[in-house]
Amino acid sequence: WIGPALTGRKQRRSRMPKNKEVQPKRGVEVHADLYNRVVKQTKIRSLRLLENRFEIKPEALVHSSVEWKKSVDFKIIDVSVKDPGGLYGIVEFSLICKEARRHVLSCRSKYLVHYTVDGGCDVEAGETFIDRVGRIAVYPYFRSTVASLTSEAGITMPPLPVISMAPRSLDSAASLRSESS
């Protein structure tokens, strides 16, 4: 791409629509057998950082990060299924650190995650897969980005917590244990 300074032409605004958030439809249930087939037949192809924004307020440099209230959020921006067997998700993690209701630090990173699915999948199963598996695949990269940027900013902050998809009840934990036996 050659910018307007080199061509002498004015820059044209893109007519593309703004990013829309795509959250898995909570009312739409994906059949467990279909989802499990997708899980078994999926391999990760690539994971790429698309966009990163890190902002720190000067007062964050003089106060201890131990007292900060941290909030981590995850969003699915877009999911698409392409033939033959391509599953693409654009996801975003964001961190907001507050001290006494004031934002002192924020980091937002957008990633493209690409999977191949032998036999393909439908969009609903793909959205569920990206929500569950894509989240777990991308989060370590986001944690690393936050650790690196806060270190470069001179902030001593403990690492973000680990996330997992542990069963939410004893019944589901017992069924997982009996399935693996």
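See above for the structure.
About the cut-offs
Residues numbered from 1 in each chain as written. Predicted model: local features only at pLDDT ≥ 70, side-chain atom pairs only at ≥ 80, totals over all residues. Heavy atoms only, no water. Disulfide = S-S within 2.5 Å. Buried < 20%, exposed > 50% of the residue type's maximum accessible area, 1.4 Å probe, protein only. Bend = angle between axes of the 7 residues up to and from the residue. Helix = DSSP H or I, 4+ residues; strand = E, 2+ residues; numbered from the N terminus. Pairing = 2+ DSSP bridges. Axes fitted to C-alpha atoms, helices over the stretch in contact; angles between N-to-C directions. Contact = heavy atoms within 4.5 Å. Salt bridge = Lys/Arg side-chain N within 4 Å of Asp/Glu carboxyl O.

1. With respect to the state of the cysteines
For the structure on display, the rule yields zero disulfides. Cysteine C107 is unpaired, with the sulfur of C97 as its nearest cysteine sulfur at 9.3 Å. A relative accessible area of 2% places C107 in the buried class.

2. Quick look at helix α3 (residues 123-152)
Approximately 40° is the largest bend angle found in α3, and it occurs at G134. With its phi angle positive at about 85°, G154 sits one or two positions after the end of α3.

3. Quick word on the sheet that holds strand β2 (residues 69-82)
Spatial ordering of the open sheet is given by β1-β4-β3-β2, a layout of four strands whose pairing is antiparallel. The open sheet is flanked by β1 (42-56) and β2, the only strands paired with a single partner. The average angle at which neighbouring strand axes cross in this sheet is 15°, direction not considered. Summarising the sheet, β2 and strand β3 (residues 86-99) pair through 13 bridges and their orientation is antiparallel. In the strand pairing of β3, V79 is matched with G89. Those strands touched by α3 are β1, β2, β3 and β4 (102-117), and its axis lies near 135° from that of β4.

4. Re unusual backbone geometry
One non-glycine residue, A100, lies in positive phi territory at about 50°. Assignment of secondary structure puts A100 in the loop between β3 and β4. Positive phi values are uncommon outside glycine, yet R101 reaches one of about 70°. Secondary-structure assignment places R101 in the loop between β3 and β4.

5. Regarding the pattern of salt bridges
Side-chain pairs of opposite charge can arise where the charged atoms are in close proximity. Applying the stated criterion to the full structure yields eight salt bridges. When the shortest N-O distance is used, the salt bridge between K75 and E92 registers 3.6 Å. Of this pair, K75 sits in strand β2 while E92 sits in strand β3, and the two are 17 residues apart along the sequence. Residue classification places K75 among the partly exposed positions, given a relative accessible area of 23%.

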